[in-house]
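Letter by letter, the chains look like this.
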Amino acid sequence: MTSFSFRKTTLCMVLGVTFSGHALAATEIPFWHSMEGELGVEVDSLAKRFNESHPDYKIVPTYKGNYEQSLAAGIAAVRSGKAPAILQVYEVGTATMMASKAIVPVYDVFKNAGIEFDEKQFVPTVAGYYSDANGHLISQPFNSSTPVLYYNKDAFKKAGLNPEQPPKTWQELEKDTAALRKAGMNCGYASGWQGWIQIENFSAWHGLPVATQNNGFDGTDAVLEFNKPVQVRHIEMLQEMNKKGEFTYFGRKDESTAKFYNGDCAITTASSGSLADIRHYAKFNYGVGMMPYDATVPNAPQNAIIGGASLWVMKGKDAGTYKGVAEFMQFLAEPEIAAEWHQKTGYLPITTAAYELTRKQGFYDKNPGADIATRQMLNKPPLSFTKGLRLGNMPQIRTIVDEELESVWTGKKTPQAALDNAVTRGNLLLRRFDQTVKQ
């Protein structure tokens, strides 16, 4: 080797370039997600830190719209052969993703990459939602949430209510909203994600199934049954509050959160993951409480079921990409990282170690209410039908529920007629999914 060749080789090694003059590029790993606002900032921060500590890989996070839009974009990308390596999908898309042929189970990704991964590190009630019949993770939990109650302490004080006492029951909430409206609040109570909160979690919180076959976990031949007396009575109460101007409907997604932190609404039920934006934008003292329960229902409350989303690994990538995916998922599950994500966003700690670390750090003592979501999940051991939902075509069923509930708020249908119709229409979609799976 000549002196020049030796110097060139040494320089190339230092600069990280090949003999052809091209830089040694890190393996790019596209990651499509639905985290906007402060949540998106945290996702970008996680990706940046992973990339800095793992120079062979480059996680490229891309916001693809809300959960429905992101899932639709993912499906379209699969069909065109341009799917991302990682796709964030909300919890009601789990059955659809499991039935698809477009994913690589997470436990296989780790096994094939030769990276050890403890599937039992995840909180059981969270992991169970995303596991197969043998207990293996199909997707990795990421941002898991439950609905919680946020309330404006300053507005409570002005209305003569105890600012340290959020309403525990729906009966108390109804009285509080009347007082808040009387004190001048434009909006007493609003709710985000009405199907998830007012039907799915309301049912679980009161020990009621949403569907047969243990909410679909025991078979795709499940039948919806959320049109029973307790659920109907709840929607009737909201209908009456709506007529009196005490409950305001703003939309199908998370519109109520902005109405809350802007100071328009005194109370909202929204995702625990909304805490990041509320903490950032609210200019008033606020508190966090558990979901209200109906005081007339025996043994309530039971336990909450998770919302949020998990990370799915898509087919069609090379071994190097999958190794990088496994490294990134392992990074996200590290106690320090998972604890920080939980603390900054309001989402549940997805691992037991993250919860214990957060507790030891004194976070819950310094931030009252930050543990509400976890306490709701652990309120009572889940019943066979309160561990979650695994129903096919669930995103479309939620749209039907939204349409039918909107017909209640506009006075076009009675709560009973609306829920009956939602069940009938939803069951048609369940039968279609059942037939597709069994073909």
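Within every chain, residues take consecutive numbers counted from 1 along the sequence as written. In view of the model being predicted, local features appear only for residues whose pLDDT reaches at least 70, and side-chain atom pairs are presented and counted only at 80 or more, with totals across whole chains, interfaces and linings using the full set of residues. Processing note: side-chain calculations cover all non-hydrogen atoms of the structure and skip hydrogens and water entirely.

### What about the packing of aromatic side chains?
Then comes step 1: Stacked, tilted and edge-to-face are the three classes applied to pairs of Phe, Tyr and Trp rings, where Trp contributes its six-membered ring and a pair requires centres within 6.5 Å; stacked means planes under 30 degrees apart, edge-to-face means over 60, and tilted covers the rest. Counted under the stated rule, the structure contains 22 aromatic pairs.
Then comes step 2: Taking the centre distance of 5.8 Å and the plane angle of 75° together, the rings of Trp 170 and Tyr 189 count as edge-to-face. Here the residue Trp 170 occupies a position in helix 8 (residues 170–182), and Tyr 189 occupies one in strand 7 (residues 187–191), the gap between them amounting to 19 residues. As far as burial versus exposure is concerned, Trp 170 and Tyr 189 are alike and both buried.
Then comes step 3: An aromatic cluster of three or more residues is present, and its members are Phe 31, Phe 50, Phe 142, Phe 328, Phe 331, Trp 341 and Tyr 347. Under the scheme used here, helices are H or I runs from DSSP no shorter than 4 residues and strands are E runs no shorter than 2 residues, and both carry numbers assigned from the N terminus. Using a 1.4 Å probe on the protein chains alone, a residue whose accessible area is under 20% of its type maximum counts as buried, one over 50% counts as exposed, and one in between counts as partly exposed.

### So, the pattern of salt bridges
Then comes step 1: Any carboxyl oxygen of Asp or Glu within 4 Å of a side-chain nitrogen of Lys or Arg constitutes a salt bridge here. Applying the stated criterion across every chain yields a total of 19 salt bridges.
Then comes step 2: Arg 359 is the partner of Glu 356 in a salt bridge, and the nearest nitrogen-oxygen pair spans 2.4 Å. You can see Glu 356 and its partner Arg 359 sitting in helix 16 (residues 352–360), three residues apart, about one turn around the helix.

### Things to note about the nonpolar core
Then comes step 1: Put simply, buried Ala, Val, Leu, Ile, Met, Phe, Trp, Tyr and Cys residues joined by side-chain atoms within 4.5 Å make one nonpolar core. With 128 residues, the main nonpolar core has Ile 86, Leu 180, Leu 224, Phe 226, Leu 238 and Ile 267 as its most contacted residues.
Then comes step 2: In this description, contact between two residues means that some pair of their heavy atoms is separated by no more than 4.5 Å. The contact partners of Leu 224, leaving out residues within four places of it in the chain, are Val 210, Ala 211, Leu 391, Ile 397, Ala 422, Val 423, Gly 426, Asn 427 and Leu 430.

### A closer look at the side chain of Thr 345
Then comes step 1: Tracing the backbone shows Thr 345 in helix 15 (residues 335–345).
Then comes step 2: Looking at Thr 345, the relative accessible area reads 0%, which means it is buried.
Then comes step 3: Any pair of N or O atoms that falls within 3.5 Å is considered a polar contact. Within protein, one atom must be able to donate a hydrogen and the other to accept it, and sequence-neighbouring residues count only if both atoms are side-chain atoms. From its side chain, Thr 345 meets the backbone nitrogen of Tyr 347 in a polar contact 3.1 Å long.
Then comes step 4: Not counting residues up to four positions away in its chain, the partners in contact with Thr 345 are Leu 39, Glu 42, Ser 272, Gly 273, Leu 275 and Ala 276.

### Here's the deal with the environment of Tyr 261
Then comes step 1: Structurally, Tyr 261 is set in helix 12 (residues 255–261).
Then comes step 2: Overall, Tyr 261 belongs to the buried group, its relative accessible area being 17%.
Then comes step 3: Distance from Tyr 261 to Leu 275, taken between C-alpha atoms, is 10.0 Å for residues 14 residues apart in sequence.
Then comes step 4: In this structure Tyr 261 touches Asp 277, Ile 278, Tyr 281, Ala 282, Lys 283 and Phe 284, once residues within four positions along its chain are discounted.

### Re the packing of helix 19 (residues 394–409) against helix 20 (residues 415–438)
Then comes step 1: Following both chains from N to C, one finds helix 19 and helix 20 inclined at 165°, their axes separated by 9 Å at the closest point. Between helix 19 and helix 20, the interaxial angle falls into the category roughly antiparallel. When you trace helix 19 past helix 20, the crossing you get is right-handed. On the side of helix 19, the interface is formed by Gln 396, Ile 397, Ile 400, Val 401, Glu 403, Glu 404, Leu 405, Ser 407 and Val 408, while helix 20 contributes Pro 415, Ala 418, Leu 419, Asn 421, Ala 422, Arg 425, Gly 426, Leu 429 and Leu 430.
Then comes step 2: Taken together, the residues of the contact of helix 19 with helix 20 break down into eleven nonpolar, four polar and three charged. Axis definition: a line fitted to C-alpha atoms, limited for helices to the stretch in contact. Angles are taken between N-to-C directions and run from 0 to 180 degrees. For this classification, under 35 degrees means roughly parallel, over 145 means roughly antiparallel, 65 to 115 means roughly perpendicular, and everything else is oblique. When the near helix sits turned anticlockwise from the far one by under a right angle, the crossing is termed left-handed; a clockwise turn instead gives a right-handed crossing. Under the scheme applied here, ten amino acids are nonpolar (Ala, Val, Leu, Ile, Met, Phe, Trp, Tyr, Cys and Pro), four are charged (Asp, Glu, Lys and Arg), and all others, including Gly, are polar.

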